[in-house]
Amino acid sequence: MTHIQRFDHIGITVADLDTATAFFVKLGLEVEGTGSVQGEFAELVCGIPGTHCEIVMLKSPDGARFELARFVTPDHVPGSPNAMANELGLRNVSFEVDDLQAAIDELAADGYGLVGGMGEYEGTVRMAYVRGPEGIVVSLFEYFG
């Protein structure tokens, strides 16, 4: 039995919505909309009494959607900003770019660095992990060859 009809979005909770939004917009996502959710629906779905979130919905050039959410109430609970690839949970968010080195250089100019290094796999793809705002690991890759 298949339950899934389509992929809808990935959501990430952040403390600084403006900084996280600017980071992903710089990579090439566009803001699709903003909003706020609170009340019975949010409390029921999140399982947290008093839930109030501000949300920015972003969209990639190919239509994939990406949600950033900041809890107004209750306060966010810190995650592990230096998580490595073997830590359980969301491992990374991945995007194909047209020029990996240019993307890395532009993000480095804003203070975002590589988790490790840039690698090539079997002469077909070049990839690197960048640690973005609040420790979000973003996998950037470029096909070549």
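You'll find the structure just up there.
Residues numbered from 1 in each chain as written. Predicted model: local features only at pLDDT ≥ 70, side-chain atom pairs only at ≥ 80, totals over all residues. Heavy atoms only, no water.

Draft legend 1. Local environment of the sheet that holds strand E1 (residues 9–13). If you walk across this open sheet you meet the four strands as E1-E4-E3-E2, and the pairing is mixed. Edge positions in the sheet fall to E1 and strand E2 (30–38), since each of these pairs with one other strand and no more. Put simply, the sheet's adjacent strands are angled 20 degrees from each other on average, direction ignored. Relative to strand E4 (residues 65–73), E1 runs parallel, the two being bridged by five bridges. If you follow Ile12 over to E4, its bridge partner there is Leu68. (Pairing = 2+ DSSP bridges. Helix = DSSP H or I, 4+ residues; strand = E, 2+ residues; numbered from the N terminus. Axes fitted to C-alpha atoms, helices over the stretch in contact; angles between N-to-C directions.)

Draft legend 2. Inspection of helix H3 (residues 100–109) at higher detail. Within H3, the full set of buried residues consists of Leu100, Ala103, Ile104 and Leu107. The buried side chains of H3 occupy one side of the element, clustering within an arc of 95 degrees when seen end-on. Residues of H3 that are buried in the fold lie against helix H1 (17–27), strand E7 (125–131) and strand E8 (137–143). One side-chain oxygen at the N-terminal end of H3 lies 3.3 Å from the backbone nitrogen of Gln101; it belongs to Asp99. Positive phi appears at Gly111, one or two residues downstream of H3, with a value of about 95 degrees. (Buried < 20%, exposed > 50% of the residue type's maximum accessible area, 1.4 Å probe, protein only. Arc of directions from axis to C-beta. Contact = heavy atoms within 4.5 Å. Polar contact = N/O pair within 3.5 Å; in protein donor to acceptor, adjacent residues only side chain to side chain.)

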